[in-house]
Amino acid sequence: MSLFGWAAHASVGAGCTSRSPGAFRRIIVAAVKDDRYRWASHTHQGDTMLPTSASRTSRWVVVPLSLVAVAVLLVLAVLAAALALGGPTPPPTMHSISDPFKGLSLEGIPPLSRFTARDGSALAYRHYAPTAGQSARGSVMLVHGSSANSQSDHLLALSFAKAGYAVYAFDIRGHGASGVHGRIAYIGQLDDDLEDFMRAVQPARPATLAGFSSGGGFALRVAGGARQSLFDNYLFMSPYIHYRAATARSGDSAGWASVGTPRLLALMVLNRCGMTRFNDLPVVAFAVADSPSADLTSRYSYALAANFQPHEDYRADIRAIDRPAAVVAGQDDEVFFADKFRQVLDEAGRSDIPVTLVPATGHTTLTLNPTARAAAVAAVQRLDARP
């Protein structure tokens with residue numbers, strides 16, 4: 001029986017009956033003794049207080065249940081308002097993120113291929129074969145950053161292909177040509193998709209999962225999770241780690257995303273109670289330019305935002321990494337404090353994970369500048385060489 005049903009049942013069970021005309025009943029707290037409350041129910045007839053049946057004491061239950069019902073209704077009203085009105089407000093375009101892509105050449109970009117995920121969805125990716133007909137020395141799976149798609153990884157993919165790798169650039173579900181923009185069905189679906197891809201395509205070994213920004217955070221999630229054995233190496237390129245991590249900025253420099261905090265908090269409460277039916281509501285909006293040709297995703301649902309990042313205990317993810325891993329970031333990163341990546345890893349007890357800072361490189365340009373792309377390729381080559 002529901003709480004409201006229980007309250008209604010208690011109210012009905014406590015209904016009044018009269019023994020004689022003019023009689024009425026009420027609940028009286030009789031005494032407090034030995035740290036315990038005792039209740040007695042009486043009938044008031046004239047000047048005489050007569051005890052009623054003990055069953056009448058059930059009426060005392062009506063008062064606290066009424067208060068509980070009011071409190072529950074108040075909480076539900078607050079949650080409903082937060083869900084309906086507490087969504088994110090689109091922030092102004094962050095030009096330091098969007099402008100570097102304006103001159104991006106997509107010459108030679110492969111057509112989209114697709115694999116079938118366990119839910120029957122056809123999810124998109126691009127395959128870059130090693131250049132000059134060489135045999136693959138391994139494979140690199142590229143995970144784009146927030147709001148983006150496989151097009152944003154084109155130049156980086158070309159650099160890895162030129163170095164002899166088979167490259168697979170994803171349209172992560174909820175982005176590009178994979179599913180509905182900004183939405184996934186449940187938290188953990190991206191992890192399932194990655195496993196489905198590896199089983200369907202079976203890329204050459206050694207296989208490296210390389211993620212940029214939010215994609216780097218997702219790569220960290222995988223590297224520290226139950227599916228870490230899917231890949232031989234992990235490369236985190238300026239990864240999003242956590243809003244409480246030392247790498248997180250605040251203020252104008254962190255203007256890439258706007259969070260609908262009331263809705264986010266409401267959904268966190270509901271999820272802790274096991275209610276996930278509202279997880280497709282948007283909680284994050286990105287400072288993206290309005291460019292249909294770029295096919296960007298401007299908002300994330302709660303499920304997508306929660307899945308496309310490390311687990312809440314990000315230090316546990318870092319500690320649990322059991323494969324060769326490395327971090328590469330731009331020294332002039334305007335989204336994260338690049339010089340703090342070393343600190344974050346050390347705090348988790350992973351001084352063995354190397355950090356490379358590329359000079360004169362910002363956040364987005366980490367995947368575009370020739371020097372930065374060369375640093376990423378060199379990092380994977382070093383990971384491949386590790387025993």
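What counts and what doesn't
Residue numbers run consecutively from 1 along every chain, following the written order of its sequence. Where totals are concerned, whole chains, interfaces and linings use all residues; where local detail is concerned, this predicted model gives features only for residues with pLDDT of at least 70, and gives and counts side-chain atom pairs only at 80 or more. Note that the side-chain values use all heavy atoms of the structure and ignore hydrogens as well as water. The helix and strand labels rest on DSSP assignments: H or I over at least four residues marks a helix, E over at least two residues marks a strand, and numbering proceeds from the N terminus. Expected span of a helix, by definition, is 1.5 Å for each gap between consecutive residues, and there is one gap fewer than residues. Centres within 6.5 Å make a pair out of two Phe, Tyr or Trp rings, where for Trp the six-membered ring is used; the pair is then stacked when the planes are under 30 degrees apart, edge-to-face when over 60, and tilted otherwise. Categorising residues by exposure relies on relative accessible area from a 1.4 Å probe, with only protein chains included: less than 20% of the type maximum marks a residue as buried, more than 50% marks it as exposed, and the intermediate range marks it as partly exposed. The contact criterion used is simple: two residues touch if any of their non-hydrogen atoms lie within 4.5 Å. N or O atoms closer than or at 3.5 Å make up a polar contact, with two conditions inside protein: a donor-capable atom paired with an acceptor-capable one, and, for residues adjacent in sequence, both atoms drawn from side chains. Grid points spaced at 1 Å over the protein atoms alone were grouped into cavities, where a 1.4 Å probe fits but cannot get out, and pockets, open sets with protein on both sides within 12 Å along at least five of seven lines, with lining residues defined by an atom within 4 Å of a point. Grid points are joined across faces, edges and corners, and a volume is the space filled by probe spheres set on the points. Note that Gly is not counted as nonpolar here; it falls among the polar residues with everything else outside the nonpolar set of Ala, Val, Leu, Ile, Met, Phe, Trp, Tyr, Cys and Pro and the charged set of Asp, Glu, Lys and Arg.

K.L.:
Looking at this structure, how should I read helix H7 (residues 261-272)?
P.N.:
Count 3.6 residues to each turn of an α-helix, and residues three or four apart come out pointing the same way. Relative to the 16 Å expected for 12 residues at 1.5 Å per residue, H7 spans 16 Å between its end C-alpha atoms, a close match to the ideal helical length. Trailing H7 by a residue or two, glycine 274 shows a phi angle of about 85 degrees, which is positive.

K.L.:
I'm lost on the packing of aromatic side chains in this one. Help?
P.N.:
Two numbers describe a pair of aromatic rings. These are the distance of the centres and the angle of the planes. In total, this model carries 14 aromatic pairs according to the counting rule given. Each ring, one from phenylalanine 231 and one from tyrosine 234, has its centre 5.8 Å from the other, and the planes form 70 degrees; the classification is edge-to-face. Each member of the pair phenylalanine 231 and tyrosine 234 is classed as buried. Joined through ring pairs, the aromatic side chains of Phe115, Tyr125, Tyr168, Phe170 and Phe197 make up one cluster.

K.L.:
Mind showing me how you'd approach the environment of serine 178 here?
P.N.:
Here serine 178 is to be found in the loop between strand S7 (166-170) and helix H5 (189-201). As for serine 178 and asparagine 149, which are separated by 29 residues in sequence, their C-alpha atoms are 9.2 Å apart. Every residue in contact with serine 178, bar those within four places of it in the chain, is listed here: Leu123, Ala124, Asp171, Ile172 and Arg173. Looking at serine 178, its side chain comes within polar contact range of the main-chain nitrogen of alanine 124, at 2.8 Å.

K.L.:
Can you help me understand empty space enclosed by the protein in this one?
P.N.:
Empty pockets left among the atoms are what a rolling probe the size of a water molecule brings to light. This structure, assessed with the given rule, holds two cavities of 30 Å³ or more. What the largest cavity holds in volume is close to 100 Å³. The leading source of residues in the lining of the largest cavity is H5, at four residues. Of the residues that constitute the lining of the largest cavity, the class distribution is eight nonpolar, one polar and three charged. Estimates place the volume of the second largest cavity at around 60 Å³. As for the second largest cavity, its lining consists of Leu220, Phe236, Pro239, Ile241, Ile318, Val327, Phe341 and Leu345. Here the lining of the second largest cavity is composed, by residue class, of eight nonpolar, no polar and no charged.

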